[in-house]
Each structure stands twice: as structure tokens, then as C-alpha cells.
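# Observations on the model geometry
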Amino acid sequence: QQQQSGILGKADLQAEFLSLADRKPALLSSFTSEKGIIVALIDPGKEPTKHLMEDLKAVKKSLGDWGGQLLLIVAKEKMNPGFSTTAYKGLPENAIFGHDVKGEVSASVTTVCSIINVPQWPVIAVINLKGEITWHSEGYSIGLGDQLVKQIKEMDR
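Below or above, wherever it landed, is the structure these notes cover. Along each chain, residue indices are assigned from 1 in the same order as the chain's sequence is written. Per-residue local features are limited, in this predicted model, to residues with pLDDT of at least 70; the limit for side-chain atom pairs, both in listing and counting, is 80 or more; totals at the level of whole chains, interfaces and linings are taken over all residues. Hydrogens are left out, water is left out, and the side-chain values use all remaining heavy atoms of the structure.

### Comments concerning the nonpolar core
Nonpolar side chains in soluble globular proteins tend to be buried together. Using the following cut-off: We define the nonpolar core as a collection of buried residues of types Ala, Val, Leu, Ile, Met, Phe, Trp, Tyr and Cys that are connected through side-chain atoms lying within 4.5 Å of one another. Between buried and exposed lies partly exposed: a residue is buried under 20% and exposed over 50% of the maximum accessible area for its type, with that area taken using a 1.4 Å probe on protein chains only. Labels follow the DSSP assignment, with helices taken as runs of H or I lasting at least four residues and strands as runs of E lasting at least two, numbered in each case from the N terminus. Contacts are assigned to residue pairs with any non-hydrogen atoms lying within 4.5 Å of each other.
Ile38, Leu56, Leu72 and Phe97 are the most contacted members of the largest nonpolar core, which has 26 residues in total. Sorting the residues of this core by element identifies strand E4 (37-42), helix H1 (47-58), helix H2 (60-66), strand E5 (69-74), strand E6 (95-99), strand E7 (123-127) and helix H4 (144-156) as the ones contributing at least two each. At five residues, the largest contribution of residues to this core is made by H4. With residues near it in sequence (within four places) discarded, isoleucine 38 still touches Leu63, Trp66, Gln69, Leu70, Leu71, Ile124, Ala125, Val126, Leu148 and Ile152.

Encoded structure:
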């Protein structure tokens, strides 16, 4: 698992994805608030994503209190027919599911984070209100939820 912090560059907030709540296209910019956003690109069929979801449940209160949006976006080729957001219970209330149909969200995040090859999902980026990626993680490591909470607290300073 790899991580980077500091201002890594700007994400393309015009990147479009399909909101799974209403099946309509949405832009990353629609979800940025003064608190910023967390974008997690996931592969629901794989263990690392399941571990991430458990981690997010464990820090549900902190992420809910934060006030920003948590976007859980299924990576372009990783949507399977049986996928249902209802399979994930107990997630933070600010979690929104989407599908990176055109791969724009992935491109927006991975380019800035210098991921050259096919990323190891999940890829997580913490993006501030200016659209700057302040922290990024590729692959899963234990305690990812706690690390996210630490990052959003630092962003609030």
C-alpha cells in the first residue's frame, strides 16, 4: 500500500460519474463543500474494498461529524451486475455511491497522484475545497479509516 500527503496537485472537479442513488450523471464539483470531499474508487468484488467498508463503519461517527462528503465510486470496469449499495450497512450517513462509467474520476485522481499503471483499488483521495488533493492512498492497509479521520482533522485546521 502506498500513501502520499501534502498538496499533490488539483483534481479535475468536472469529472463526471453516475450517481447510483438516482442513476443520473453528477460532477465531483457538486459535492465539494468547505469541508472538502473524500473520493474512494472501489472494486466491490475484491477483499480490500470489503476491508475498507468495515473500516469506514468503525469511524462512522467521526466521518459523519466532519460534514464533508464521502464518495464511494465503483471503478470503471469493476461494476458487476449483482452489485447493490444495500449490501453495505452501517456506513457513514454522508456516503454517496457512484459508478465511474467513463473513467473520468479515476483519471482525475490517479494522474495527480502519479499512478501510472492500473491502480490497486481502493484508491482514496482527500480533496479540499480548492480541489487540491491533500492525501492519497492506493491499496488497502489496516487502519485506513483511522488514517482518513486524521487527514480530515488536519484539513480542518
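From this point, the discussion proceeds with the structure in view.
### What about the pattern of salt bridges?
Convention followed: A pairing counts as a salt bridge when a side-chain nitrogen of Lys or Arg comes within 4 Å of a carboxyl oxygen of Asp or Glu.
The tally for this structure, following the rule as stated, stands at six salt bridges. Linking aspartate 65 and lysine 61 is a salt bridge whose minimum nitrogen-to-oxygen distance equals 2.6 Å. With a gap of four residues between them, aspartate 65 and lysine 61 both fall in helix H2, about one helical turn apart. Lysine 61 gets classed as exposed once you look at its relative accessible area, which sits at 61%. Residues participating in the shared-partner salt-bridge network are Asp43, Lys46 and Lys78.

### Structural notes on the environment of aspartate 146
By the element assignment, aspartate 146 lies in helix H4. For the pair aspartate 146 and aspartate 55, spaced 91 residues apart in the sequence, the C-alpha separation amounts to 7.8 Å.

### Structural notes on the sheet that holds E7
Sheets are built from strands paired through backbone hydrogen bonds, the pairs being either parallel or antiparallel. Defined as follows: Strand pairing requires that DSSP identify at least two bridges connecting the strands. Axis lines are fitted through C-alpha atoms, for helices just across the contact stretch, and the angle between N-to-C directions can take any value from 0 to 180 degrees.
Judged by pairing direction, the sheet is mixed, and its eight strands sit side by side in the order E1-E8-E7-E4-E5-E6-E2-E3 without closing on themselves. If you trace the sheet from one side to the other, it starts and ends with strand E1 (2-10) and strand E3 (25-27), each paired once. In this sheet, adjacent strand axes meet at a mean angle of 30 degrees when their direction is disregarded. For E7 and strand E8 (residues 132-138), the ladder comprises five bridges, and the chain directions are antiparallel. Paired with alanine 125 across the two strands is histidine 136, which belongs to E8. This element, H1, spans E4, E5, E6 and E7 of the sheet and lies at about 150 degrees to E4.

### Structural notes on the pairing of E4
Among the six residues that make up E4, six are buried, leaving the element largely enclosed by the rest of the structure. Of the two faces of E4, the one holding Ile37, Val39 and Leu41 and the one holding Ile38, Ala40 and Ile42 are both buried throughout. As paired strands, E4 and E5 are joined by six bridges and run parallel to one another. Within E5, the residue paired with valine 39 across the bridge is leucine 71. Taken together, the five bridges between E4 and E7 define a ladder with antiparallel strand orientation. Bridge pairing in E7 places valine 39 opposite alanine 125.

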